[in-house]
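Given next are the chains, with one letter for each unit.
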Amino acid sequence: MCVRKLVKLGLNTIIDIFSKTWIGGRISDQILASAMTRTVRVRHRDIDISFCVPNSLCRYRAASFSTKEPETLMWLESMPSGSVLWDVGANIGLYSLYAAKARKSKVFSFEPSVFNLELLVRNIALNNVGPSVTVIPIALSNRTMVENFKLTSVAWGSALSAFGVDFDQNGEKLHSIFDYRLPGVKLDDVVQMFSVELPEYLKIDVDGIEHLILEGGQEVLKSVQSVLIEVDDNFQEQSSGVTKLLIDAGLLLTKKSISGFNAQHNQWWTRP
């Protein structure tokens, strides 16, 4: 066992023993409550956004807001004011919040992770954009069903999960550590089931099943003016599926990020 794992095991053992005492339990409760009230403010192009940062991952997401995916911010800034955005894979709400504040967008944030939902809702309240952002806490896929949602981490702000499949963002076997069953729906069923506006702009970043989500949304895609989607060029099923479905919907690939992780890139599709 490596030194890092030994140190972590030792700390966890000490914390577990300490938290079982009366004073230890009180202190542990206070530490947790304090973590959920820690916030940072990010400023990007004269827009201030506050984020709840209970752990290092959330702090990283806030700190790298302007630099991690500049093409996503550019795409959001290209939207006309008041556009309807569906943010599929909203996580803790980084881009949902920016769209609501910078473009006055009406945002529908899709996020099925129970570990991210609390922070997503806290961040919406923290930025006073409740009337503009609707949380839809369900998964999306190519059919409406109840299936397993599998996670590779239970940390607040984590990603790399999968709904109804056993592969990850690279098309390789997913090594999940936690799962639970929940309903998932097709994009095309969302409007009918929840009476929400069709998207003019669609962002999809769900780490692997982007092509399946598009497959279940061929009617929705007819109304979309632009799509921003993360694709792995080496994951052939995903890459070819995304390309075919978006071309069939009348969209053209206009930009592709050059800063993707390995072969992963954000693709920017636009209706001519």
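Residues numbered from 1 in each chain as written. Predicted model: local features only at pLDDT ≥ 70, side-chain atom pairs only at ≥ 80, totals over all residues. Heavy atoms only, no water.

**Student:** Lay out helix H6 (residues 114-126) in plain terms, naming residues and giving numbers.
**Tutor:** Taking 1.5 Å per residue, 13 residues should reach 18 Å; H6 reaches 19 Å between its end C-alpha atoms and fits that length. Every buried residue belonging to H6 is among Phe115, Asn116, Leu117, Leu119, Leu120, Asn123 and Ile124, and all of these are buried. Where H6 terminates, the next one or two residues include Asn128, which has phi positive at roughly 55°. (Helix = DSSP H or I, 4+ residues; strand = E, 2+ residues; numbered from the N terminus. Expected span 1.5 Å × (residues − 1). Buried < 20%, exposed > 50% of the residue type's maximum accessible area, 1.4 Å probe, protein only.)

**Student:** So what about the side chain of Ser158? Which residues, and what values?
**Tutor:** Looking at where Ser158 falls in the secondary structure, it is placed in the loop between strand E7 (145-151) and strand E8 (161-163). For Ser158, a relative accessible area of 7% puts it in the buried group. Setting aside anything within four residues of it in sequence, one finds Ser158 in contact with Leu57, Arg61, Asn91, Asn116 and Ser153. (Contact = heavy atoms within 4.5 Å.)

**Student:** Tell me what's going on with a nonpolar patch on the surface, and back it up with residues and numbers.
**Tutor:** Together, Val154, Ile177 and Phe178 make up a nonpolar patch on the protein surface, roughly 260 Å² of accessible area in all. Tracing the chain through its elements places Phe178 in strand E9 (residues 178-186). (Patch = residues over 30% accessible without salt bridge, like charges linked within 9 Å, V, L, I, M, F, W, Y side chains within 5 Å. Areas by Shrake-Rupley, 256 points an atom, 1.4 Å probe, with all protein chains shown as cover. Salt bridge = Lys/Arg side-chain N within 4 Å of Asp/Glu carboxyl O.)

**Student:** Break down the pattern of salt bridges for me, citing the residues and quoting the values.
**Tutor:** Across all of its chains, the model carries 11 salt bridges by this definition. The partner of Asp46 in a salt bridge is Arg43, and the shortest N-O contact between them spans 3.5 Å. Here Asp87 and Lys203 are joined by a salt bridge, their closest N and O atoms 2.8 Å apart. Here Asp87 is found in strand E3 (residues 84-88), whereas its partner Lys203 is found in strand E10 (residues 201-204), with 116 residues between them in sequence. Side by side, Asp87 and Lys203 carry an identical accessibility label, which is buried. Within this structure, Arg43, Asp46 and Asp48 form a network of salt bridges that share partners.

**Student:** Any chance you could break down the pairing of E3 for me, citing the residues and the numbers?
**Tutor:** The element E3 is largely enclosed, with a buried count of five among its five residues. Taking every second residue as pointing to the same face, both faces of E3 are buried, with Val84, Trp86 and Val88 on one and Leu85 and Asp87 on the other. In this sheet, strand E4 (residues 106-110) lies alongside E3 in parallel orientation, the contact comprising five bridges. Across the sheet, the residue bridging to Asp87 is Ser109, located in E4. Handedness of the crossover is the feature at issue here: the chain leaves E3, passes through helix H5 (residues 94-102), returns alongside E4, and the resulting connection is right-handed. (Pairing = 2+ DSSP bridges. Right-handed = clockwise from strand over helix to strand, strands pointing away.)

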